[in-house]
Amino acid sequence: MTQRPFIATPVLAALVLIALAFPFALPNTAQAADREITKITGDLYRFKNKFHFSVFLVTPEGVIATDPINKDAAAWLKAEIAKRFGKEIRYVIYSHDHRDHIAGGEVFAETATVVAHQNAKAAIVGEKRPTAVPTVTFSDRMTVELGGKRVELTYVGPSHSNNMIVMNFPEERVLFLVDLVSPGRVPYKNLSDSYFPGWIDALKKVEAIDFDILAPGHGPMAKKSEITSQRQYLEELYAAVLSGIQAGKTLDELKASVTMVKYKSWGMYKDWRPLNIEGVYSRIQAHRRGN
Ligand SMILES: [Zn+2]
């Protein structure tokens, strides 16, 4: 027998007291915020699953849901909606085909019609995405109506993927938009599965839609003006990389000279700006026929 237990006991007691006094500081309770539902306005809600977000609209005839995110997230949301609102999900609308946003759609498809852009269906089937295959598709625009409420879907063209749609809730004046813009942050890494200058044109289409509040798939809620700031960033980036390539600069030279310094306060500027340049550079090179 050592003296150790006699020393440890008061330490343990102190730890227990700390735990009792600050239960919210315990590591296992901190995880609760990984998943949550917050009201945006009226009957429109935002669903968070770690770093991913979607929205859903509650109507007298059931719920219009959007990106399921993943199977566990969708099961959680479905149970919460049943518990809080006593409603079934009647529609699920996918923003685009990428797995990290639309996996788990089969959880909603038990009661819901699955809607997406026609190119999304092709990618979901072709890439064997782990989700329900859309049963209703469209090419340019579509309105989904349920219980006297509606959401307007607009295809924005090849931009981030070739099947991205944005979802406008006109009564709520809120737009749900995924991956085209993350408020206050530069675009994600090397812009994989992107189209240029289509992405810039897509943001111009979004700017032409009448809404006030942006509910993004990543990051905080924002004002509509965030779309314009991000479009300007991409325009400046694209123009600088294109003229650099035409002047014979290498990728490394462009990473050094295209500083985008005006945007240095944006999140991930330091790490992702060079990757953004790499992304635009490779898209331009793929479509360019030099002199
Ligand atoms: Zn995506």
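Model, not experiment: these values are computed from the prediction. (Residues numbered from 1 in each chain as written. Predicted model: local features only at pLDDT ≥ 70, side-chain atom pairs only at ≥ 80, totals over all residues.)

1. Examining the pairing of strand E6 (residues 113-117)
How we decide: Using C-beta atoms placed from the backbone, we call a residue buried if 20 or more other C-beta atoms fall within 10 Å of its own, exposed if 12 or fewer do, and partly exposed for counts in between. Strands are runs of DSSP state E lasting at least two residues, helices are runs of H or I lasting at least four, and both sets are numbered from the N terminus onward. Only strands that DSSP links by at least two bridges are regarded as paired with each other. With strands facing away from the observer, any crossover in which the path from the first strand over the helix to the second runs clockwise is taken as right-handed.
By the criterion of burial, E6 is predominantly enclosed, with four of the five residues buried. Judged from the three bridges that link them, strand E5 (residues 89-93) and E6 form a sheet pairing that is parallel. Within E6, the position partnered with valine 92 by the bridge is valine 114. As defined by bridge partners, E6 adjoins strand E7 (residues 136-138) across three bridges and the pair is classed as parallel. The residue bridging alanine 116 from the neighbouring strand is threonine 137, located in E7. The β-α-β motif built from E6, the intervening helix H6 (residues 118-126) and the parallel element E7 has right-handed crossover chirality.

2. Digging into the packing of helix H7 (residues 198-207) against helix H8 (residues 225-246)
Two packed helices can be described by the angle between their axes and the distance between those axes. Applicable threshold: Only the stretch in contact is used when a helix axis is fitted, and all axes are lines through C-alpha atoms; the angle between N-to-C directions ranges over 0 to 180 degrees. Angles below 35 degrees are treated as roughly parallel, those above 145 as roughly antiparallel, those between 65 and 115 as roughly perpendicular, and all remaining angles as oblique. Left-handed describes a crossing whose near helix is turned anticlockwise from the far helix by less than a right angle; the clockwise case is right-handed. Two residues qualify as being in contact provided that their C-beta atoms, derived from the backbone, are within 7 Å of each other.
Direction vectors running N to C along H7 and H8 enclose 160°, while the axes themselves pass 9 Å from each other. Of the possible angle classes, the one that applies to H7 and H8 is roughly antiparallel. Here H7 runs over H8; the crossing is left-handed. Contact with H7, carried on its side by Trp199, Ile200, Leu203, Lys204, Val206 and Glu207, involves Ile227, Thr228, Gln230, Arg231, Leu234, Glu235 and Tyr238 of H8 and no other residues of that element.

3. Regarding the environment of histidine 101
Mapped onto the elements of the fold, histidine 101 is located in helix H4 (residues 99-102). Sequence-wise, histidine 101 and aspartate 179 are 78 residues apart; in three dimensions their C-alpha atoms are separated by 9.6 Å. Excluding residues that lie within four positions of it along the chain, histidine 101 makes contacts with His52, Asp67, Ile69, Ser95, His96, Val178 and Gly217.

4. A few points about the sheet that holds E5
Spatially, the seven strands line up as an open sheet ordered E1-E2-E3-E4-E5-E6-E7, and their pairing is mixed. Pairing within the sheet leaves two strands with one partner each, and these edge strands are strand E1 (35-41) and E7. With direction set aside, neighbouring strand axes in the sheet form an average angle of 20°. Each of E1, strand E2 (44-49), strand E3 (52-59), strand E4 (62-65) and E5 is contacted by helix H3 (residues 71-85), which is oriented at about 55° to E1, the strand it contacts most.

5. Section: the nonpolar core
Spelled out, the test is: The term nonpolar core means buried Ala, Val, Leu, Ile, Met, Phe, Trp, Tyr and Cys residues held together as one set by C-beta atoms within 7 Å.
Counting 67 residues, the largest nonpolar core has Phe56, Ala65 and Leu177 as its most contacted members. What leucine 177 contacts, discounting residues up to four positions off in sequence, is Val166, Val206, Leu214, Pro216 and Gly217.

6. Side note on the packing of H8 against helix H10 (residues 269-287)
At a minimum axis distance of 10 Å, the contact between H8 and H10 shows a crossing angle of 60°. When the interaxial angle is binned, H8 and H10 end up oblique. In this structure, H8 meets H10 at a crossing whose hand is right-handed. The residues of H10 that touch H8, namely those facing Leu237, Tyr238, Val241, Leu242 and Ile245, are Asn276, Ile277, Val280, Tyr281 and Ile284.

In short, shape yes, function no, at least from these values alone.
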